[in-house]
Amino acid sequence: MRVLVTGGAGFIGSAVVRHLVNDKRFDVLSIDKLTYAGTLTSMVSVNDNPLYRFENADVCDKTAITQAMSDFRPDRIMHLAAESHVDRSITGAKDFVETNVLGTFNMLECARAYWQSLDSRAKETFRFLHISTDEVYGSLGKEGLFTESTPYDPSSPYSATKAASDHLAKAWERTYGLPVVISNCSNNYGPFHFPEKLIPLMIINAMEGKSLPVYGSGSNIRDWLFVEDHAKALDLIAERGRVGETYNVGGRNEQRNIDVVNRICTLMDEFRPEHGPHSRLIKCVEDRPGHDARYAIDATKLEQELCWKAVENFDTGIEKTVKWYLENEWWWSPLRQRYKGERLGLLPSGA
Ligand code: NAD
């Protein structure tokens, strides 16, 4: 099995690549532009593995993507490359439109041409898995869950571009018959998460004795999923998901942002008692514009149809994550330098 993964040097993409190479013994081609958010240091565990190869390319580049597909001959494409940070999308939406919308359009067009060149058996088994977010559904009130039939209602430039890319992916299945499957997942956390995102930012700031900025009163609710559970879900959806269908992926694990930050502080007090109590560093800051109140996923379809279940619960997952950041400064320290001094990235993201 040959799998082409875009965004393979990012947070979730690298977890997918490590899962496919180490656990599934698949041949993997990772394609990534290596933006500020991508780093090959997330791939140290597979770097010398002959099943893994990397190509530095932009998903918007038709020539490079066409060539990569025709050289590698993938059985599956898992498309994760995206601009992913909500705060950045608010001050600079152009990159989001280019990569998330035009990049997805280019991936679909290149995949369509490649798929049409396959023999009938390979055509039938080929899959294009488009990876997306629950943020496309907008915000929930106190009750209810996002299902696969929840109408799209994105709030941020990030979620609007992801919604647009989902619509393109659906249209390429309905119009051209490209075997597309779509997944929409809740917030991920875990090792190798870029240090500007909420959980790593809080851990690292706490380690450095810096303030822990929380939007508004921290009452926004997110459903959190450990990244390795997401990687396994994506593998399963690509393998057994029905063409033309959407699968919601979530951890059934809703948390208020402030509770996540307090949990991190408690763990930091345990691991670094000499610097505690870390909760004194929490600082509520002006809320993000268009900040969705609550996201929560109903993953019943994935659980019942494909027998997927998250292995990690939030208590064990967050403890593993805090320990990982404490032990892996070599990974995050150089990345933190990349956005030092920028106004953005110092505030926590809902994504
Ligand atoms: P990330 O920002 O950590 O990684 C994105 C990767 O894409 C980076 O390695 C970057 O270099 C690469 N990239 C960006 N633009 C590119 C381009 N034009 N061409 C090629 N590569 C490019 O993001 P992530 O958190 O790993 O998210 C991966 C995917 O999963 C995204 O599509 C995102 O929308 C989706 N998603 C993320 C979450 C989450 O909680 N992080 C939840 C649900 C869905």
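Before going into details, it helps to say that this report is about the structure given with it.

A word on unusual backbone geometry
Cis rather than trans, the peptide bond between Gly-276 and Pro-277 has omega equal to -10 degrees. Structurally, the position occupied by Pro-277 is in the loop between helix 9 (257–271) and strand 12 (282–285). Residue Arg-73 is not a glycine yet carries a positive backbone phi of 55 degrees. Position of Arg-73 relative to the elements: it lies in the loop between helix 2 (62–72) and strand 4 (76–79). A relative accessible area of 31% places Arg-73 in the partly exposed class. Not every positive phi belongs to a glycine, and Cys-307 is a case in point at roughly 55 degrees. Tracing the backbone shows Cys-307 in the loop between helix 10 (300–306) and helix 11 (314–327).

Digging into the site of the ligand
With respect to spatial proximity, 28 residues lie near the ligand, and among them Ile-12, Asp-32, Ser-84, Tyr-158 and Lys-162 are the closest. In the model, an oxygen atom of the ligand is placed 3.0 Å from a nitrogen or oxygen of the Gly-10 main chain. Between Tyr-158 and the ligand, the recorded distance is 2.6 Å, taken from a side-chain N or O atom to an oxygen atom. Sorting the residues of the shell around the ligand by element identifies helix 1 (11–23), strand 5 (127–133), helix 6 (157–176) and strand 7 (187–189) as the ones contributing at least two each.

Notes on the pattern of salt bridges
According to the stated counting rule, one finds 22 salt bridges in the structure shown. The residue Arg-88 makes a salt bridge to Glu-196 at a minimum N-O spacing of 2.8 Å. A residue pair is termed long-range when its members are at least 10 positions apart, and Arg-88 in helix 3 (residues 86–91) and Glu-196 in the loop between strand 7 and helix 7 (198–207) qualify at 108 residues. Accessibility classification places Arg-88 together with Glu-196 in one group, the buried group. Note that Glu-208 is salt-bridged to Lys-210, the shortest N-O span being 2.9 Å. Classification of Glu-208 by relative accessible area gives partly exposed; the value is 36%. Judged by its relative accessible area of 36%, Lys-210 falls in the partly exposed class. When salt bridges that share partners are traced, they join Lys-24, Arg-76, Asp-235 and Glu-239 into one network.

Criteria and thresholds
- Residue numbers here run from 1 along each chain, matching the order of that chain's written sequence.
- With the structure being a predicted model, the display of local features is reserved for residues of pLDDT at least 70 and the display and counting of side-chain atom pairs for 80 or more, all residues being used for whole-chain, interface and lining totals.
- As a rule here, side-chain values come from all non-hydrogen atoms in the structure, and water together with hydrogens is ignored.
- Strands here are runs of E lasting at least two residues and helices are runs of H or I lasting at least four, both read from the DSSP assignment and numbered beginning at the N terminus.
- For every residue, the accessible area obtained with a 1.4 Å probe (protein chains only) is divided by the maximum for its type, and the residue is called buried under 20%, exposed over 50%, and partly exposed between those limits.
- A single heavy atom is enough: if one lies within 4 Å of a molecule or strand, its residue is considered near that molecule or strand.
- Any N or O atom pair separated by 3.5 Å or less is treated as a polar contact, with the protein-specific requirement of one donor-capable and one acceptor-capable atom, and with residues adjacent in sequence counted only for side-chain atom pairs.
- Here, a salt bridge means any Lys or Arg side-chain nitrogen found within 4 Å of an Asp or Glu carboxyl oxygen.

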